[in-house]
Amino acid sequence: MPDGGVPVLDVKDLKTVFLTRSGEVHAVNSVSFDLKPGELLGVVGESGSGKSVTMMSLIGLLPTPPAEIRGGSVVFEGEDLLKIGEDRLRKLRGSRIGFVFQDPMTSLNPVFTVGFQICEPLRKHMGLSKSEARTRAVELLELVGIPDARRRLRDYPHQFSGGMRQRVMIAIALACDPDVLIADEPTTALDVTIQAQILELMKELREKLGMAVIWITHDLGVIAGIADRVMVMYGGQVVEQAPVRELFANPQHPYTRALLQTVPSVSGERSEKLRVIEGQPPILVDAPSACPFRARCGHAFARCDRENPARVTVGPGHDAACFWNPATEGPRDAG
Amino acid sequence: MLDDTARRKLVEVKNLKMHFPIYSGVLRSRTGEVKAVDDISFDVFEGETLGLVGESGCGKSTCGRAVLRLYDITEGTVTIDGIEIGTMDQQTLRGYRPMMQMVFQDPQASLNPRMTVARIISEPLEEHTDLSDVDKLARVHELMDAVGLNRDFANRYPHEFSGGQRQRIGIARALALNPKFIVCDEPIAALDVSIQAQVVNLLEELQDKLGLTYLFISHDLSMVRHIADRVAVMYLGKVVELAPRDALYATPKHPYTEALLSAVPDPDPSVENRKERVILTGDVPSPSNPPQGCNFCTRCPKVMEICKTVDPTTVELAPGHFTACHLYTQTTTMTADNTVAQEAQKSDQQGE
Ligand SMILES: Nc1ncnc2c1ncn2[C@@H]1O[C@H](COP(=O)(O)OP(=O)(O)OP(=O)(O)O)[C@@H](O)[C@H]1O
Ligand SMILES: Nc1ncnc2c1ncn2[C@@H]1O[C@H](COP(=O)(O)OP(=O)(O)OP(=O)(O)O)[C@@H](O)[C@H]1O
Ligand SMILES: [Mg+2]
Ligand SMILES: [Mg+2]
């Protein structure tokens, strides 16, 4: 497992809001994290907690307006991506930073063939000729397990199944051998056997090319299998962060603890009713001045209403943003 | 649960085929076809959930859409609530639409970006009911509550929501007309586990209350185990195994089902790293050019000579437990399937 070393990506205090007719939505609040070369950082968290918006903010993919980045820095190889300007960013995005969107149908262009959409970045960023690009495109599609790849280059996205479109997105993101791959729920439409193939491919690319990966998913089984480190988001914030085994063995934040208890399994006892985390997710209309989880938390006390807990170190490489200490079942010492 | 004789078949699918033409060359002439769904038969009983699982691209969505006649099907019959809709023209079909609905796999693509959430959810109400505006809004709020969307968001547009929130909009819309039969195409894939659980609990509650029937398409085998009464496993356009839930998970018969179950990642890093997997190797065939014999023969770890020439017929191994595999088609293999298969494999290798 890679550790130490200079991060390839270093995000500090990122803040993103949306300006809507009904007021501001504080989607990302002071998010900080880093990513080491060759590392796989898993990102989990409630739907609407800001995972996608965080990653899209990093690489300038949010339309502004309605989005507005209010602060923070994103350092990639000595440059602050929030400052370098659209042209340079576009160039990095196509070549050094690969991105797989959550919604493959909207990110593939319905009027161009799949082949064109894979070949385009190869020709633009890698300077490949038309036929070289096609050969590489077939290779890439085979790599992500699309049968009959050569013929399928001529197909349009609607002729592909949901999972195949998702794999096309992965192929495009990997086309230029990026240093960093940001994958937003890249395997939601894949069955487990093909998912296993893709995860294996990730392992290989990380070992061979030292590619670092941010992997957003709701599937804790996938996280358990591939992540080195996990970051948990709730209400636009990072609420916990730890090495993968530590997180599963010793979760600290009440949200993480609740999350880990909701997972059904294929083996073991089959429960009649699935467990849920009761209550509604927070509405992010203001910058948070209290813990976003307090209304749904079984351990909240007065301080949680007054103050938004900062992330504090709770173990080696492990931090959590919570005033409650599960070990003592009482408040964590101020510090 | 009711026994089979007492249960009414709400949906009967017989020999369903859905082939898409392939055009190529300068003249764009028809040169072949994608056999996305190739001769499938199954029933769904009233009030039950039939899970449909299988590899990406094997034809699950196509099957769900064909059953609801979102396509003009190539061959076969589809009977819903006693009415044969397989060959019905779209105009007549419109009258029957309220009883059958679909929750789509791609929430983004199925929601009109120019409509507010309230309008999206009330669209089917406008089209098929004559509720007053007040009643419509009340129903919209009720549906939003039901799927865990905050009512205050009723006037927002789809792009203002996260992926998971958008999926819940699609579910609310599908429920608007109190349908009898719903095809859920990966309805929870984009949701976090807690909301997945909420939605699944909701679907189950609605099922108990309203007697709904679901065809539940998913690749999440742990969720299917939770929600389905019976499970059908598809591979390359065909159903290879169909069984009551517990039987399928405890004693999978088809080698593809075995591989599928063994590949489920475990949400515990220490178990996950120790897990034995059946990793499928071999060529992934294409539905435009399926292999001779059994469709799974190019990747099957238990392949025999016969599999490469003869398409296996479906046999019933135990009450309600069907599979299409040569390991079980010959009576001798039924008692000692593994040894026979291994021997067959050995003689294969010697023969080569
Ligand atoms: N264009 C927009 N205008 C207003 N609010 C938005 C917009 N886009 C996103 N949001 C809000 O920002 C918040 C974070 O959304 P984001 O898409 O990052 O969630 P997520 O964690 O990726 O969720 P999911 O797991 O469902 O994909 C959500 O509450 C969402 O409603
Ligand atoms: N409109 C179409 N034209 C041509 N081929 C199509 C069309 N729709 C689907 N196909 C093909 O049919 C096959 C089955 O697709 P389908 O979408 O049913 O798969 P699926 O089982 O739902 O997969 P996934 O789990 O990835 O969603 C695929 O090979 C796909 O490319
Ligand atoms: Mg998202
Ligand atoms: Mg599908």
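What counts and how
Residues numbered from 1 in each chain as written. Chains lettered and ligands numbered in written order. Predicted model: local features only at pLDDT ≥ 70, side-chain atom pairs only at ≥ 80, totals over all residues. Heavy atoms only, no water. Helix = DSSP H or I, 4+ residues; strand = E, 2+ residues; numbered from the N terminus. Buried < 20%, exposed > 50% of the residue type's maximum accessible area, 1.4 Å probe, protein only. Contact = heavy atoms within 4.5 Å. Areas by Shrake-Rupley, 256 points an atom, 1.4 Å probe, with all protein chains shown as cover. Rg over C-alpha atoms; globule rule 2.2 N^0.38 Å. Patch = residues over 30% accessible without salt bridge, like charges linked within 9 Å, V, L, I, M, F, W, Y side chains within 5 Å. Salt bridge = Lys/Arg side-chain N within 4 Å of Asp/Glu carboxyl O. Lys, Arg positive; Asp, Glu negative; His and termini not counted. Charge placed at Lys NZ, Arg CZ, Asp CG, Glu CD. Near = heavy atom within 4 Å. Polar contact = N/O pair within 3.5 Å; in protein donor to acceptor, adjacent residues only side chain to side chain. 1 Å grid on protein atoms, 1.4 Å probe; cavity = no way out; pocket = protein on both sides within 12 Å on 5 of 7 lines; lining within 4 Å. Sits in = over half its atoms within 2 Å of the grid points. Nonpolar A, V, L, I, M, F, W, Y, C, P; charged D, E, K, R; others polar.

Novice: Give me the overall build of chain B: which residues, what numbers.
Specialist: On a plain count of helices and strands, chain B comes out with 14 helices and twelve strands. Counting all 352 residues of chain B, 57% fall into the buried class. In chain B, the share of contacts with a sequence separation of at least 24, taken over all contacts with a separation of at least 6, comes to 61%. Surface accessibility of chain B: about 15,000 Å² in total, with carbon and sulfur atoms responsible for 49%.

Novice: An account of the overall build of chain A is requested, with residue identities and associated values reported.
Specialist: Secondary structure assignment for chain A yields twelve helices and 14 strands. Since a compact globule built from 335 residues should have a radius of gyration of about 20 Å, the 21 Å found for chain A is in line with a globular shape. On the principal axes, the C-alpha backbone points of chain A span a range of 65 × 50 × 45 Å. Burial analysis of chain A (335 residues in total) assigns 55% to the buried set. Across chain A, every contact between residues at least 6 apart in sequence was considered, and the portion connecting residues at least 24 apart equals 62%. Within the structure as shown, chain A displays about 13,900 Å² of accessible surface, and the carbon and sulfur contribution to it stands at 52%.

Novice: Which residues make up a positive patch on the surface, and what values do they have?
Specialist: Together, Arg123(A), Lys130(A), Arg134(A), Arg150(A), Arg154(A) and Arg28(B) give the surface a local cluster of positive charge. Relative to the assigned elements, Arg123(A) resides in helix 4 (residues 114–126). Of the residues examined, Arg123(A) reaches a relative accessible area of 41% and is grouped as partly exposed.

Novice: Account for the site of ligand 2, naming residues and giving values.
Specialist: Neighbouring ligand 2 are 23 residues; Gln159(A), Gly163(A), Gly57(B), Ser61(B) and Thr62(B) lie closest to it. Between an oxygen atom of ligand 2 and a main-chain N or O atom of Cys58(B), the distance comes to 3.3 Å. One of the backbone N or O atoms of Gly59(B) is found 2.9 Å from an oxygen atom in ligand 2. One can see that ligand 2 is located within the second largest pocket. Secondary structure elements with two or more residues in the shell around ligand 2: helix 7 (162–174) of chain A together with strand 2 (29–45) and helix 1 (60–67) of chain B. Grouping the constituent residues of the shell around ligand 2 by class yields eight nonpolar, eleven polar and four charged.

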